[in-house]
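Below are the chains, spelled out letter by letter.
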Amino acid sequence: MDISANLNQVRQRISAACARSGREAASVELVTVSKGHPAEVVCTAAQFGLSVFGENRVQEAKAKIALCPGRLRWHLIGHLQSNKCRDAYLCLP
């Protein structure tokens with residue numbers, strides 16, 4: 001997996017879509033979904049300037065957030081079971 005090449009391709013697609021719609025590319029926030037990827041991959045992605053990550057499993061987020069740089073922002077994405085709400089609230093910085 002070449003994070004740099006993938007990121008460049010995604011940024012080009014965002015720029016092209018923004019040009020078609022008349023929107024500023026700077027107004028788009030890229031949320032990188034880290035589901036299924038270890039904290040090491042998230043840390044590597046952060047070195048390429050990515051700073052907003054989305055996770056859809058509370059247990060995975062709890063473990064991963066603790067191992068990643070504190071400057072990253074996290075979102076829980078997808079459905080959240082009511083019995084996971086407390087854990088979700090406590091795991092997000």
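In case you missed it, the structure is sitting above this.
Residues numbered from 1 in each chain as written. Predicted model: local features only at pLDDT ≥ 70, side-chain atom pairs only at ≥ 80, totals over all residues. Heavy atoms only, no water.

### Observations regarding the state of the cysteines
What we call a disulfide is simply a covalent bond connecting the sulfur atoms of a pair of cysteines. Under the convention used in this document: Disulfide: a pair of cysteine sulfur atoms within 2.5 Å of each other. Residue exposure (1.4 Å probe, protein chains only): buried if accessible area is under 20% of the type maximum, exposed if over 50%, otherwise partly exposed.
Taken as a whole and assessed by the stated rule, the structure comprises 0 disulfides. Sulfur of Cys43: no disulfide; nearest cysteine sulfur belongs to Cys68 and is 4.1 Å away. Judged by relative accessible area, Cys43 falls into the partly exposed class, the value being 23%.

### What about the nonpolar core?
Short version of the rule: To define a nonpolar core, start from buried Ala, Val, Leu, Ile, Met, Phe, Trp, Tyr and Cys residues and group those joined through side-chain atoms within 4.5 Å. The helix and strand labels rest on DSSP assignments: H or I over at least four residues marks a helix, E over at least two residues marks a strand, and numbering proceeds from the N terminus. Here, two residues are considered to be in contact whenever any of their heavy atoms come within 4.5 Å of each other.
Counting 16 residues, the largest nonpolar core has Val42, Phe53, Cys68, Leu72 and Trp74 as the members making the most contacts within it. Counting residues per element, this core draws most heavily on helix H2 (residues 39-47), at 4 residues. When neighbours within four sequence positions are excluded, Val42 is seen to be in contact with Ser34, Phe53, Lys64, Cys68, Leu72 and Trp74.

### Section: the environment of Gly49
Turning to its location among the elements, Gly49 is positioned in the loop between H2 and strand E2 (52-55). Among the residues examined, Gly49 registers a relative accessible area of 47% and is labelled partly exposed. Each C-alpha atom, one on Gly49 and one on Leu7, is 9.7 Å from the other, the two residues being 42 residues apart in sequence.

### Some details on the pairing of strand E3 (residues 73-76)
The condition that has to hold: Each pair of strands is called paired provided DSSP finds at least two bridges between the two strands. Clockwise travel from the first strand over the helix to the second, with the strands pointing away from the viewer, marks a crossover as right-handed.
As paired elements, E2 and E3 share 4 bridges and run parallel to each other. Within E3, the residue paired with Glu55 across the bridge is Leu76. Handedness of the crossover joining E2 and E3 through helix H3 (residues 58-67) is recorded here as right-handed.

Scope: geometric values only; no functional claims are made or implied.
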